[in-house]
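One letter stands for each residue in the lines below.
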Amino acid sequence: MTIRTMTLNLSEAEMEVLETLSRKKTLSKTALIKQALRLYQAIEMRIDRGEKLFFEDDKKDKSELVLV
Amino acid sequence: MTRPYYNTYLTDGTTYALIEATLFEGISDVNLKDHKEKWLPLLLGARQEANARPAQGQHVARVEDAHWDWSRKVKTYRVSLSHRHFAVECAADTQGLMQLELTHRSRIDPGQHLIYIDLLSVAPWNRKKLVERPRLIGVGSVLFTQAVGTSLEEGFSGRVGLHSLPTSADWYRKQRMQSFGPDPAYPSGLEYFEMSPDEAEKHIQRVSE
């Protein structure tokens, strides 16, 4: 597998979110961004197939996540 | 396209000698052809034989994966970043296939990610439950260890999870995976297993010795 390198410019707020999530998930920043990319692609693929994304709370109330 | 590969060893089921094998990342068209033309006739034959003799219905359980459509799965997820595929080749045949999912979460460590083994199949001639003397021993172990290695590589601390087919559950218990019992959320209520980071580390130590 060929590995390609890039520089990522983030705002302070974005970097703080990245660092917080990295700590929470015990992942490196690179691993976290790769994971985010996987999830984003997976959601896009399903939306493209005409599927919808829902969240469900403890009371089984569902809310659709509207993606723009 | 060139696939990344790793050299590994399997055990000859007759002589118990070590034989060189190759573990490839990615399932090629040749692997899929092997599955369709060499594996499937044996798997479906075994299932048909079992269905014809209900008294020996336990044989049906030994070919629980005969309906897995590897070709469709691989083609569907070839471009997906959430899936990784592996194939073991030896003696000019495909000996094992595996599909991993990378977006599942742990039950042992809630919120943390793990590698989920979605599909793992070994060629029918290597299955102790199907043939008297398997041609090669260790194909499943090579694939399972790769799943643990992938988990470490992705930063998931070796965590691995899976829903086991009934006949494979004991094998996963022997790998010291923790059972969460039958999963009511999963079709057929298959038993869910997970390997913790501690057990993953021990597993890698064991196979490295």
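This write-up is about the structure you can find in this document. All figures in this text were calculated on a predicted structure; none of them were measured in a lab.

Comments concerning the overall build of chain A
Regarding its fold elements, chain A presents two helices and two strands. Put simply, chain A runs from its N terminus to its C terminus through helices and strands in the order α-α-β-β. For a compact globule of 68 residues, the expected C-alpha radius of gyration is about 11 Å, and chain A comes in at 15 Å, more than 25% above that figure. Oriented by its inertia axes, the alpha-carbon framework of chain A measures out at about 40 × 30 × 20 Å. A buried classification covers 4% of the 68 residues belonging to chain A.

Section: the overall build of chain B
In terms of regular secondary structure, chain B is built from six helices and nine strands. Computed over C-alpha atoms, the radius of gyration of chain B comes to 17 Å, within 12% of the 17 Å expected from 2.2 N^0.38 for 209 residues, which places it in the range of a compact globule. Once the C-alpha set of chain B is aligned to its principal axes, its extents read approximately 45 × 40 × 35 Å. Looking at chain B as a whole, 37% of its 209 residues are labelled buried.

Here we look at the interface of chain A and chain B
Listed as interface residues are 13 residues of chain A and, on the opposing side, ten residues of chain B. The element that contributes the greatest number of residues to the side of chain A that touches chain B is helix H2 (residues 29-48) of chain A, accounting for eight residues.

Digging into the pairing of strand E2 (residues 18-25) of chain B
All names here are of chain B. The pairing of strand E1 (residues 5-12) with E2 spans seven bridges and is classified as antiparallel. Each residue of the ladder has a partner; that of Asn7, found in E2, is Thr22. Between E1 and E2, which pair antiparallel and follow one another directly, the connecting turn spans five residues, one of which, Tyr16, has a positive phi of 65 degrees. As defined by bridge partners, E2 adjoins strand E3 (residues 83-90) across four bridges and the pair is classed as antiparallel. Bridging from a neighbouring strand, Thr22 pairs with Glu89 of E3.

A word on the packing of helix H1 (residues 29-52) of chain B against helix H3 (residues 70-77) of chain B
The description of two packed helices rests on the angle between their axes and on the distance between the axes. Residues and elements named next belong to chain B. Two elements in contact, H1 and H3, have axes separated by 10 Å at closest approach and are oriented at 160 degrees. When the axis of H1 is compared with that of H3, the two are roughly antiparallel. The crossing of H1 and H3 is left-handed. Between H1 and H3, the residues in contact are Leu32, His35 and Lys36 and Trp70, Ser71 and Val74, respectively. Of the residues assigned to the contact of H1 with H3, the class counts are three nonpolar, two polar and one charged.

Re unusual backbone geometry
Here the phi dihedral of Thr26(A) falls at roughly 45 degrees; this positive angle occurs in a residue that is not glycine. Mapped onto the secondary structure, Thr26(A) falls in the loop between helix H1 (12-25) and H2. Thr26(A) gets classed as partly exposed once you count the C-beta atoms within 10 Å, which come to 16. The backbone of Ala92(B) shows a phi angle near 60 degrees, a positive value even though the residue is not glycine. Its location among the elements puts Ala92(B) in the loop between E3 and strand E4 (93-105). Owing to 7 C-beta atoms within 10 Å, Ala92(B) belongs among the exposed residues under this scheme.

Observations concerning the environment of Glu19(A)
Residue and element names in this part refer to chain A. Tracing the backbone shows Glu19 in helix H1. The class of Glu19 is partly exposed, set by 13 C-beta atoms lying within 10 Å. Distance from Glu19 to Leu32, taken between C-alpha atoms, is 9.4 Å for residues 13 residues apart in sequence.

A look at the environment of Tyr116(B)
Residues and elements named next belong to chain B. Structurally, Tyr116 is set in strand E5 (residues 113-122). Residues Tyr116 and His85 lie 31 residues apart in sequence; the distance between their C-alpha atoms is 12 Å. With residues near it in sequence (within four places) discarded, Tyr116 still touches Leu100, Glu101, His104, Gly161 and Leu162.

The rules behind these values
Residues numbered from 1 in each chain as written. Chains lettered and ligands numbered in written order. Predicted model: local features only at pLDDT ≥ 70, side-chain atom pairs only at ≥ 80, totals over all residues. Helix = DSSP H or I, 4+ residues; strand = E, 2+ residues; numbered from the N terminus. Rg over C-alpha atoms; globule rule 2.2 N^0.38 Å. Buried ≥ 20, exposed ≤ 12 C-beta atoms within 10 Å, placed from the backbone. Contact = placed C-beta atoms within 7 Å. Pairing = 2+ DSSP bridges. Axes fitted to C-alpha atoms, helices over the stretch in contact; angles between N-to-C directions. Parallel < 35°, antiparallel > 145°, perpendicular 65-115°, else oblique. Left-handed = near helix turned anticlockwise from the far one by under 90°. Nonpolar A, V, L, I, M, F, W, Y, C, P; charged D, E, K, R; others polar.

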